[in-house]
Amino acid sequence: MELVYLWVEEYKNIKNQGFNFSPRFDCKYNENTNELTINENKDYVSIFPENINITAIVGENGTGKSNVFEIIITLLTSINKNENSDKSKAYMIFFKNDMYYYKTINMGTPNDKFEKLSNENLDTFTMNFNY
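Residues numbered from 1 in each chain as written. Predicted model: local features only at pLDDT ≥ 70, side-chain atom pairs only at ≥ 80, totals over all residues. Heavy atoms only, no water.

Draft legend 1. Main features of the overall build of the protein chain. What the protein chain contains, in helices and strands, is one helix and eight strands. Burial status across the protein chain gives 34% buried among its 131 residues. In the protein chain, 51% of the contacts between residues at least 6 apart in sequence involve partners at least 24 apart. (Helix = DSSP H or I, 4+ residues; strand = E, 2+ residues; numbered from the N terminus. Buried < 20%, exposed > 50% of the residue type's maximum accessible area, 1.4 Å probe, protein only. Contact = heavy atoms within 4.5 Å.)

Draft legend 2. Region of interest: a nonpolar patch on the surface. Nonpolar side chains collect at one region of the surface, where Ile47, Phe48, Ile52 and Ile54 lie side by side and expose about 420 Å² of accessible area between them. As for its position among the elements, Ile47 is in the loop between β4 (35-40) and α1 (65-77). (Patch = residues over 30% accessible without salt bridge, like charges linked within 9 Å, V, L, I, M, F, W, Y side chains within 5 Å. Areas by Shrake-Rupley, 256 points an atom, 1.4 Å probe, with all protein chains shown as cover. Salt bridge = Lys/Arg side-chain N within 4 Å of Asp/Glu carboxyl O.)

Draft legend 3. Structural context of the pairing of strand β3 (residues 25-30). Going residue by residue along β3, you find Phe25, Cys27 and Tyr29 tucked away on one face and Asp26, Lys28 and Asn30 left uncovered on the opposite face. Bridge count between β3 and β4: six bridges; the pairing is antiparallel. What sits directly across from Phe25, in β4, is Glu40. In sequence, β3 turns back onto β4 through a hairpin of four residues, with Asn34 there showing a positive phi of about 60°. (Pairing = 2+ DSSP bridges.)

Draft legend 4. Broad picture of the environment of Val4. Mapped onto the elements, Val4 comes out in strand β1 (residues 2-11). When its relative accessible area of 0% is taken as the criterion, Val4 is described as buried. Not counting the four nearest positions on each side in its chain, Val4 is found in contact with Phe19, Asn20, Phe21, Ser22, Phe25, Cys27, Ile93, Phe94 and Phe95.

Draft legend 5. Seen up close, the confidence of the model for the protein chain. Overall, the predicted model of the protein chain reaches an average pLDDT of 77, with 72% of residues at or above 70. When the elements of the protein chain are averaged for pLDDT, strand β8 (residues 124-128) gives the smallest value, 61, and strand β2 (residues 14-20) the largest, 90. (pLDDT = per-residue confidence, 0-100.)

Draft legend 6. Quick peek at the pairing of strand β5 (residues 89-96). The buried fraction of β5 amounts to six of the eight residues, a majority that puts the element mostly inside the structure. Bridge analysis of β1 against β5 gives seven bridges, and the strand direction is antiparallel. Residue pairing in the sheet places Leu6 in a bridge with Met92 of β5.

Draft legend 7. Seen up close, unusual backbone geometry. The phi angle at Lys12 is positive, at roughly 50°, despite the residue not being glycine. Among the structural elements, Lys12 can be located in the loop between β1 and β2. Note on Lys12: relative accessible area 43%, which makes it partly exposed. Phi is positive for Asn16, close to 50°, though the residue is something other than glycine. Its location among the elements puts Asn16 in strand β2. Residue class for Asn16 comes out partly exposed when judged on its relative accessible area of 38%.

Given below as structure tokens:
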């Protein structure tokens, strides 16, 4: 399963920020309409084997690199260690076997389910996201 996109509404010092984790896809989130559009990058060429995708999170100290990692771990494990997180919301989009999946979390009430977004291999995918 490949992590494609992470949207964080609010978590510690991260507010209304999207993170694209895959060069295979171009993801754009519209906050006004709550729509995420995913376009497959037809020009994408990987120098790695098919099952390997390397993404780096870089930045100066205090910019939120560790917070992004905490959100990913929280979403994947549904373990929430942030006691003041009732306002924290985030979601992640994954791609596996030509299908998109998502997982949402309101940090106060973790969700264990990965939801399927599509049954088709789509070049462009748009979802209306309300959580």
